[in-house]
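What the coordinates show
Here is how the chains run, residue by residue.
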Amino acid sequence: MKILCEVQVVNRTTQAKRTPRPVKSTLAIGYKQSARDANGNTKKELEMVLFSGQNKTGSRYKVRDNIHAVHTKFVLDGKATIGFLQPPENLLIKCDPIQLKGFLQTLKLGMEGKEAINLRLNIAAATAIPQKAQPQVRMVVSKRSEYPIKGFPRTLKSLTINNSQLVKLSFEVCTLRNLTKLDVSGNKLTKIPPELGGLALTSLHLGSNCLGELNDWCWLRGTRLSQSLGELDLSSNGLTQFPAPLVKLERLVSLNLNHNLLIRLPFAIRRLQALRKLHVCSNKLESLPAAIGDLHIDLLDVWGNCFKAFNADAAQQLNRQSVVANTPPPLWLKAARAVANYKLPLPAGSVPAVLIELICEAPKCPCGQLCYALSKEDLLQRVVQPKFTNIKNLTYSREHQIYADVVICGPGCSATVQLKALFSLMFT
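Right, let's walk through the structure included here.

Here is what the cut-offs are and how they apply
Residues numbered from 1 in each chain as written. Predicted model: local features only at pLDDT ≥ 70, side-chain atom pairs only at ≥ 80, totals over all residues. Heavy atoms only, no water. Helix = DSSP H or I, 4+ residues; strand = E, 2+ residues; numbered from the N terminus. Buried < 20%, exposed > 50% of the residue type's maximum accessible area, 1.4 Å probe, protein only. Contact = heavy atoms within 4.5 Å. Areas by Shrake-Rupley, 256 points an atom, 1.4 Å probe, with all protein chains shown as cover. Phe/Tyr/Trp six-rings, centres within 6.5 Å; stacked < 30°, edge-to-face > 60°. Pairing = 2+ DSSP bridges. Axes fitted to C-alpha atoms, helices over the stretch in contact; angles between N-to-C directions. Salt bridge = Lys/Arg side-chain N within 4 Å of Asp/Glu carboxyl O. Polar contact = N/O pair within 3.5 Å; in protein donor to acceptor, adjacent residues only side chain to side chain. 1 Å grid on protein atoms, 1.4 Å probe; cavity = no way out; pocket = protein on both sides within 12 Å on 5 of 7 lines; lining within 4 Å. Points joined across faces, edges and corners; volume = space filled by probe spheres on them. Nonpolar A, V, L, I, M, F, W, Y, C, P; charged D, E, K, R; others polar. Parallel < 35°, antiparallel > 145°, perpendicular 65-115°, else oblique. Left-handed = near helix turned anticlockwise from the far one by under 90°. Expected span 1.5 Å × (residues − 1). Arc of directions from axis to C-beta.

1. Describing the overall build of the protein
Per the secondary structure count, the protein includes six helices and 19 strands. The buried share among the 428 residues of the protein stands at 46%. Of all intrachain contacts in the protein linking residues separated by at least 6 positions in sequence, the fraction that spans at least 24 positions is 47%. Counting only carbon and sulfur atoms, one obtains 53% of the accessible surface of the protein, whose full area is about 22,500 Å².

2. Brief notes about the packing of aromatic side chains
Within the structure shown, the criterion is met by four aromatic pairs. Their ring planes at 80° and their centres at 5.4 Å tell us that Tyr 147 and Phe 152 sit as a pair that is edge-to-face. Exposure remark for Tyr 147: the relative accessible area of 26% places this residue in the partly exposed category. Seen in terms of ring centroids, Trp 217 and Trp 219 are 6.1 Å apart; in terms of plane orientation they differ by 45°. Their pairing is tilted. Comparing Trp 217 with Trp 219 shows no difference in burial state: the two are buried.

3. As for the sheet that holds strand β12 (residues 231–233)
Spatially, β8-β9-β10-β11-β12-β13-β14-β16-β18 is the arrangement adopted by the nine strands of the open sheet, whose pairing is parallel. Of all the strands in the sheet, the pair left with one neighbour each is β8 (138–141) and β18 (393–395). Taking the axes of each pair of neighbouring strands and ignoring which way they run, one obtains an average angle of 5° across the sheet.

4. So, the pattern of salt bridges
In this structure the tally under the stated criterion is 10 salt bridges. A salt bridge links Glu 47 to Arg 60; its shortest N-O distance comes to 3.4 Å. Placement of the pair is Glu 47 in strand β3 (residues 42–52) and Arg 60 in strand β4 (residues 59–62), with a sequence separation of 13 residues. The class of Glu 47 is buried, set by a relative accessible area of 7%. Classification of Arg 60 as partly exposed rests on a relative accessible area of 39%. Each of Arg 264, Glu 286, Lys 308 and Asp 405 takes part in salt bridges that share partners, so that together they form one network.

5. Observations concerning the environment of Lys 2
Structurally, Lys 2 is set in strand β1 (residues 2–11). Residue class for Lys 2 comes out partly exposed when judged on its relative accessible area of 32%. Between the alpha carbons of Lys 2 and Leu 121 there is a distance of 8.6 Å; along the sequence they are 119 residues apart. Setting aside anything within four residues of it in sequence, one finds Lys 2 in contact with Thr 26, Leu 27, Ala 28, Leu 121, Thr 127 and Ile 129. At 3.0 Å, the side chain of Lys 2 forms a polar contact with the backbone oxygen of Thr 127.

6. Overview of the layout of surface pockets
Empty space within the second largest pocket amounts to approximately 540 Å³. Around the second largest pocket, the lining comprises 24 residues; the ones closest to its centre are Cys 95, Asp 96, Pro 135, Val 137 and Lys 157. Of all the secondary-structure elements, those providing two or more residues to the lining of the second largest pocket are β1, β2 (23–36) and α1 (97–111). At three residues, the largest contribution of residues to the lining of the second largest pocket is made by β1. Here the residues of the lining of the second largest pocket sort into eight nonpolar, eight polar and eight charged.

7. Some details on the sheet that holds strand β15 (residues 288–289)
Ordered by their spatial adjacency, three strands build an open sheet running β15-β19-β17, and the pairing between neighbours is mixed. The sheet is open, and its two borders are formed by β15 and β17 (379–384), each paired with just one other strand. Where β15 lies against strand β19 (residues 404–407), two bridges are found, and the strand directions are parallel. Counterpart to Pro 289 in the pairing with β19 is Asp 405.

8. Points about the packing of helix α4 (residues 331–341) against helix α5 (residues 353–361)
Direction vectors running N to C along α4 and α5 enclose 60°, while the axes themselves pass 10 Å from each other. Viewed along their axes, α4 and α5 adopt a mutual orientation that is oblique. Crossing handedness for the pair α4 and α5: right-handed. Each of Trp 332, Leu 333, Ala 335, Ala 336, Val 339 and Ala 340 in α4 lies in contact with α5, whose residues at this interface are Leu 355, Leu 358 and Ile 359.

9. Examining unusual backbone geometry
Negative phi is the rule for most residues except glycine; trans is the rule for most peptide bonds. Gln 86 connects to Pro 87 through a cis peptide bond whose omega is -10°. You can see Pro 87 is positioned in the loop between β6 (79–84) and β7 (89–94). A positive phi angle is found at Asn 163, which is not glycine, with a value near 50°. On the secondary structure map, Asn 163 appears in the loop between β9 (158–161) and β10 (181–183).

10. Quick look at α1
Taking 1.5 Å as the rise per residue, α1 with 15 residues should run 21 Å; its terminal C-alpha atoms sit 21 Å apart, in good agreement. The N-cap residue of α1 is Asp 96: its side-chain oxygen and the backbone nitrogen of Ile 98 are 3.2 Å apart.

11. Remarks on α4
Turning to α4, its buried residues number three or more, namely Leu 333, Ala 336, Arg 337 and Val 339. Taken down its axis, α4 places every buried residue within 165° of arc, on the same side. Here the buried face of α4 lies against α5. Just past α4, the residue Lys 343 takes up positive phi, approximately 50°.

Without other data, these values stay purely geometric and don't point to any function.
Written as structure tokens, this is what we have:
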């Protein structure tokens, strides 16, 4: 077996680095056929050979009874160390994690004296892997006939499959553990498998598909994906509702929802504190949530929406707040407000998951108090003008005035009093 990697050689006795820095190398392992003994039998001896640009003939290391230590703590990061007794050298290896795990498994089988397909290499005739044969990390499929019949290389980091009439994303794509960029726009996908949530993607393009038909977004809840995704394109998918799990992608920097059928954005969007680009042009938005002001966005594009006029009925409704609105809030809401106001830590397991969701995603009253729409009267649509203080660039249709929705604590809070005063001026 041979792998391409970067290797730094360190002598344990002198602590001298034979290679001052990691160099591109080929690491090979296999059996060396020794001469026949008196009985005509040959003895196989397991060897490892290190080829590099400076040492084209290779440095040979005996394996059996010659391994000092094998350190695999960081093998998932593509790093491992193999130490030999003679010579007293450590090989600090950096490689593709999948290839490295396969190589270490082959080494283990060889040390145990077991046969393996990867050990059939004639190590005496082994040569370095040509640089042009380096693992493929990028693939583009622009039409259906280019779809690989034998599967995708396991080393891919970027995969693009456009305009190929795909109706289903294969499970094989979801097993490409090195993948960080996936573009499958311009197909006919109606559902994404939940296994995609196990990939540490940084960029995902799903534009011009049919994902709005089934509204199955469980793949967005994947732990690795939710912690890594920085760019997401869901444009032209016929979305009628904002996918709820999107607000949990707290590292999301760019979100494209252009050319869909969205009527509203959720108040929970305030959770996307890393968001810098939000594209929601050519939808059916009637208003924006007041929580949009909590975000620090470089570009907000809301061009071509159906923003409606000021809601006079909601304003009058505020003035008609009944005594019922003075009912004390439920205990769970009081607990959530206390945790939010005092900025208490939320370690996993110490606070109920439902309470954490409420604190992170519930709207806030203009007075800053954590709120929740206990009834439809608490949600006032299109009653304030957003200030867009934290928005650097705003793109919108000039003929439409944008109004925002708010959720209020009740008639007793300072913000409610201010709103009432404002509305009284507007209607006198």
